Amino acid sequence: MVESRSTSDPAVTYPSRLGPAERAAAIAALKETELDILVVGGGIVGTGSAVDAVTRGLSVGLVEARDFASGTSSRSSKLVHGGIRYLEQLDFRLVREALIERGLLLQRVAPHLVKPVRFLYPLHKRVFERVYIGAGMMLYDIFSYTGLRPPGVPHHRHLSRRQVLKAIPSIAPNALVGGITYYDAQVDDARYVANLARTAAHYGAHVAPRVRVEGFLKVGERVVGVQARDLETDERFEIHAKQVVNATGVWTDDTQSMVGERGQFKVRASKGIHLVVPRDRFQSKMGLLLRTEKSVLFVIPWGRHWLIGTTDTDWHLDKAHPAATAADIDYLLAHVNEVLNVPLSREDVEGVYAGLRPLLAGESEQTSKLSREHLVAHSVPGLVVIAGGKWTTYRIMAKDAIDAAVDALDGKIPESTTDEIALVGAEGYQAAWNRRARIAADNDLHIARVEHFLNRYGTMTEDILALIRQDRSLAEPLPGADDYVGAEVVYAASHEGALHLEDVLARRTRISIEAWDRGVSAAPVAASLMAGVLGWDAAREDREVQTYLKRVIAERESQLQPDDQSADRVRLEAPDIVDVDKAAAAANAAAPTTKAAPRTRAPKATPTDG
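Rules of the game
- Residues numbered from 1 in each chain as written.
- Predicted model: local features only at pLDDT ≥ 70, side-chain atom pairs only at ≥ 80, totals over all residues.
- Heavy atoms only, no water.
- Helix = DSSP H or I, 4+ residues; strand = E, 2+ residues; numbered from the N terminus.
- Contact = heavy atoms within 4.5 Å.
- Areas by Shrake-Rupley, 256 points an atom, 1.4 Å probe, with all protein chains shown as cover.
- Lys, Arg positive; Asp, Glu negative; His and termini not counted.
- Charge placed at Lys NZ, Arg CZ, Asp CG, Glu CD.
- Domains from an automatic or database assignment.
- Buried area = accessible area lost by both parts, 1.4 Å probe.
- Salt bridge = Lys/Arg side-chain N within 4 Å of Asp/Glu carboxyl O.
- Patch = residues over 30% accessible without salt bridge, like charges linked within 9 Å, V, L, I, M, F, W, Y side chains within 5 Å.
- Buried < 20%, exposed > 50% of the residue type's maximum accessible area, 1.4 Å probe, protein only.
- Expected span 1.5 Å × (residues − 1).
- Arc of directions from axis to C-beta.
- Phe/Tyr/Trp six-rings, centres within 6.5 Å; stacked < 30°, edge-to-face > 60°.
- UniProt positions renumbered as here; feature names shortened; annotations may be inferred.
- Pairing = 2+ DSSP bridges.
- Core = buried A, V, L, I, M, F, W, Y, C linked by side-chain atoms within 4.5 Å.
- Axes fitted to C-alpha atoms, helices over the stretch in contact; angles between N-to-C directions.
- Left-handed = near helix turned anticlockwise from the far one by under 90°.

Asks: Tell me about the overall build of the protein chain, residues and numbers included.
Replies: Along the backbone of the protein chain there are 21 helices and 20 strands. Structurally, the protein chain occupies a C-alpha span of about 75 × 55 × 55 Å along its principal axes. Sequence separation of at least 24 residues holds for 74% of the intrachain contacts in the protein chain that already meet a minimum separation of 6. Summing over all exposed atoms, the protein chain offers an accessible surface of approximately 24,300 Å²; the carbon and sulfur share of this is 53%. Charged side chains in the protein chain number 74 positive and 79 negative. The centres of these two groups are separated by 5 Å.

Asks: For the domain arrangement of the protein chain, give the residues involved together with the corresponding values.
Replies: Split by domain assignment, the protein chain resolves into domain 1 (114–186 + 268–361) and domain 2 (471–573). When each unit is reduced to the centre of its C-alpha atoms, the spacing between domain 1 and domain 2 is 28 Å. Summed over both sides, the interface between domain 1 and domain 2 buries roughly 1,900 Å², with carbon and sulfur atoms accounting for 53% of that surface. Considering only the side of domain 1, the residues that lose the most area to domain 2 are Leu317, His321 and Glu350, jointly responsible for 26% of the buried surface there. Joining domain 1 to domain 2, the criterion identifies two salt bridges.

Asks: Please give an account of a nonpolar patch on the surface that cites residues and values.
Replies: On the surface, Leu90, Phe92, Met138, Leu139 and Ile142 cluster together to form a nonpolar patch covering roughly 470 Å² of accessible area. The element best represented in the nonpolar patch is helix H5 (residues 128–143), accounting for three residues. With respect to the secondary-structure elements, Ile142 resides in helix H5.

Asks: Which residues make up the side chain of Gln559, and what values do they have?
Replies: Note on placement: Gln559 falls in the loop between helix H19 (538–558) and helix H20 (564–571). Its relative accessible area of 6% is what places Gln559 among the buried residues. Among all residues touching Gln559, those that are not within four sequence positions of it are Ala324, Thr325, Ala326, Ile329, Arg346, Val352 and Arg518.

Asks: Got a sec to walk through helix H21 (residues 577–590)? Specific residues and values, please.
Replies: Compared with the 20 Å implied by 1.5 Å per residue over 14 residues, the 20 Å span of H21 between its first and last C-alpha is a close match. The complete set of buried residues in H21 reads Ile577, Val578, Val580, Asp581 and Ala584. Along H21, the residues classed as buried sweep out an arc of 160 degrees about the axis, all on the same side. Residues of H21 that are exposed and point over 90 degrees away from its buried face: Ala589 and Ala590. Tucked into the core, H21 has its buried residues touching H19.

Asks: Residue-level account of the packing of aromatic side chains, with values.
Replies: Throughout the structure, instances matching the rule amount to 12 aromatic pairs. Between Trp391 and Tyr394, the aromatic rings sit 6.1 Å apart at their centres with planes inclined by 65 degrees, giving edge-to-face as the arrangement. In this structure, Trp391 and Tyr394 share a single accessibility class: buried. Arranged with centres 5.6 Å apart and planes meeting at 85 degrees, the rings of Tyr457 and Tyr491 form a pair that is edge-to-face. Of this pair, Tyr457 sits in helix H13 (residues 447–457) while Tyr491 sits in helix H15 (residues 486–495), and the two are 34 residues apart along the sequence.

Asks: So what about the environment of Leu231? Which residues, and what values?
Replies: In this structure, Leu231 sits in the loop between strand E9 (222–230) and strand E10 (235–246). For the pair formed by Leu231 and Ser70, sequence separation is 161 residues and the distance between their alpha carbons is 15 Å. Apart from the residues lying within four places of it in its own chain, the contact partners of Leu231 are Ala65, Arg210, Arg212 and Val578.

Asks: Talk me through the UniProt feature "domain: Alpha-glycerophosphate oxidase C-terminal" (unreviewed entry) in the protein chain; I want residue IDs and the actual numbers.
Replies: According to UniProt, the feature "domain: Alpha-glycerophosphate oxidase C-terminal" (unreviewed entry) maps to residues 416–540 in the numbering used here. Secondary structure over residues 416–540 splits into 58% helix and 6% strand, and the C-alpha atoms at its two ends are 43 Å apart.

Asks: Pulling in residues and values, what's your account of the environment of Ile511?
Replies: Examined against the element boundaries, Ile511 turns out to sit in helix H17 (residues 511–514). For the pair Ile511 and Val187, spaced 324 residues apart in sequence, the C-alpha to C-alpha distance is 16 Å. In contact with Ile511, not counting residues within four places along its chain, are Leu478, Ala481, Tyr484, Leu505, Arg518, Gly519 and Ala522.

Asks: Could you give me a rundown of the pairing of strand E14 (residues 305–309), with the residues and numbers involved?
Replies: Counting buried residues along E14, five of its five residues qualify, which places the element largely inside the surrounding structure. Across five bridges, the pairing between strand E11 (residues 267–278) and E14 is antiparallel. Among the inter-strand pairings, Val277 is bridged to a residue of E14, identified as Trp306. The pairing of strand E13 (residues 296–302) with E14 spans five bridges and is classified as antiparallel. Bridging from a neighbouring strand, Val299 pairs with Ile308 of E14. Count of turn residues in the E13/E14 antiparallel hairpin: two residues, of which Gly303 carries a positive phi of about 60 degrees.

Asks: So, the nonpolar core: which residues are in play, and what are the values?
Replies: Ile37, Val114, Tyr192, Val207 and Val245 are the most contacted members of the largest nonpolar core, which has 48 residues in total. Breaking this core down by element, the ones donating at least two residues are strand E1 (34–40), helix H2 (44–54), strand E2 (60–64), helix H4 (92–109), strand E6 (178–187), helix H7 (189–202), strand E18 (383–388) and helix H10 (394–406). Leu454, Leu478, Val504 and Trp536 belong to the second largest nonpolar core, which has 45 residues in total.

Asks: I'd like a rundown of the packing of helix H18 (residues 522–534) against H19, residues and numbers included.
Replies: Between H18 and H19, the least distance of the axes is 9 Å, while the angle of their chain directions is 145 degrees. At the point where H18 passes H19, the crossing takes the right-handed sense. Contacts between H18 and H19 involve Ala523, Pro524, Ala527, Ser528 and Ala531 from the first element and Glu541, Val545 and Tyr548 from the second.

Asks: Lay out the side chain of Thr418 with the relevant residues and their values.
Replies: Positionally, Thr418 belongs in the loop between H10 and helix H11 (429–434). In this structure Thr418 comes out as buried when scored by relative accessible area, which is 7%. Every residue in contact with Thr418, bar those within four places of it in the chain, is listed here: Val51, Asp52, Thr55, Val109 and Arg395.

Asks: Before we move on, can you summarise the pattern of salt bridges with the specific residues and values?
Replies: Overall, the coordinates contain 45 salt bridges when judged by the stated rule. When the shortest N-O distance is used, the salt bridge between Glu502 and Arg551 registers 2.8 Å. Of this pair, Glu502 sits in helix H16 (residues 501–508) while Arg551 sits in helix H19, placing them 49 residues apart in sequence. By sharing partners, the salt bridges in this structure join Asp67, Arg210, Glu502, Asp503, Arg507, Arg508, Arg551, Glu555 and Arg571 into a single network.

Asks: Tell me what's going on with unusual backbone geometry, and back it up with residues and numbers.
Replies: In this model, Gly309 is joined to Thr310 through a cis peptide bond whose omega is 20 degrees. Mapped onto the elements of the fold, Thr310 is located in the loop between E14 and strand E15 (313–314). Non-glycine residue Arg210 carries a positive phi angle of around 60 degrees. Relative to the helices and strands, Arg210 is located in the loop between strand E7 (206–209) and strand E8 (211–219). Residue Arg518 is not a glycine yet carries a positive backbone phi of 60 degrees. Turning to its location among the elements, Arg518 is positioned in the loop between H17 and H18. On the basis of relative accessible area, Arg518 is assigned to the buried category, the value being 5%.

Okay, structure coming up:
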């Protein structure tokens, strides 16, 4: 085996770019290198584990069967929070841990991606409830302090009924007697995961999306690597590693079954759905936290939209494409309409998404009562499993997983340092934000556009601006999705690991849930821009668009179905792009050999790494 290049020197960094060439180089290295750590799974915990391991000086690989954050990690409530409801369950340790992480992400790790958000808790009883909930909010504030370091958000405040109605004109006057406001934080979850993947690459990890693990390599009882398959080329190869970390979330049990050993715990999938509603559908200066008969419901400010969620129901069907039903949507609308002057209807819903929580099974029959704690197990020698937990505490989960892995490695391995490591784009963000008016003027852009870039790319905004300076047409908004411009599509393919149209419309941007047509208008334009970077011919470009359109149709139809089984069946009528590409390749192989002319297009500028 060829030893990997050392990352023990903290001054040594590698390009944070994740384009096609970097992916090919990563796969070549994975074939030739015996890694210290191989992480399987490109969600929040997997990418976090790769960052943790590589910044300890270890040689690290990361493979993901689909796109980064394509499962649970892109379908959350987009909150970085302690979990108010866990206070009532007396899970003080979990709440404090999550609140400390919230402050760390807000202030040090990713201030360009994680932002404070204000919520109102409506009160229905004048005395007891105000005292009871107020005491909980006080604990929430106290737990968020780390020594003398402030939490990064303001403290809670009590409001009278009149003050609430002034701040939220659309709330029904008879829906409350007063309220308490408090702060948490929010994040674009999919962008955060993509930034984690880039950060891992920046420190020397070999990162490859669309590489599926199909089995484990064993010597005796010990796991020494995996059998992998590049889904883009259909090539099969082996990856050797001293320790493998299984961070596959709701797929944990499936991955463990490949080892031929029974897992030490089970992961149970709980479906949660969210609605996306235009911001003008009701007037409010803050979000809402509402009680339901089962749990809590959030109404969350999200740019020019509101997110309304979530549900909490058992899910035993397809894990890759959980489907929202008409009953799920009606449930959320009914609950939020209880407090609104003018009720929302299905016609007000511009987007819907469904995700699966990976809950540790066994404590209860109700998924809302299952543990949000995480567990780490060395199930067999050479294989560490991490499961459970909350999005907010991903860094702690990653640390615990890598701690377990390095316990089995020879030599003295440094402790985790991720509490001190900022993601790519974070260093210098505040200075760039302070200069946003000057940046806008220098690049002949509206300041709101520059603010949009800074809150998505941080100091990597300069890469986007370089693209626009070289091709001014890339500053044009995408059809039906005015918040996003062409440069962001090009950058997603050249720098952020996007290999397919869905990767861009569903995760690098959030067009698939924010646009009224769910990205139908933007799809052809985005595909054409990606083709220039990824070298697609006209047939491939058309396949990408048609596959995405079929996904939109299937999702819309599934959301009209009455139950999970019907919704799942309809959603699965849309094929995955990998299967479409395989079918096209098979058809081309069977057809007479005629070479299609490549599509001619103007070259797009590619900025250097920041």
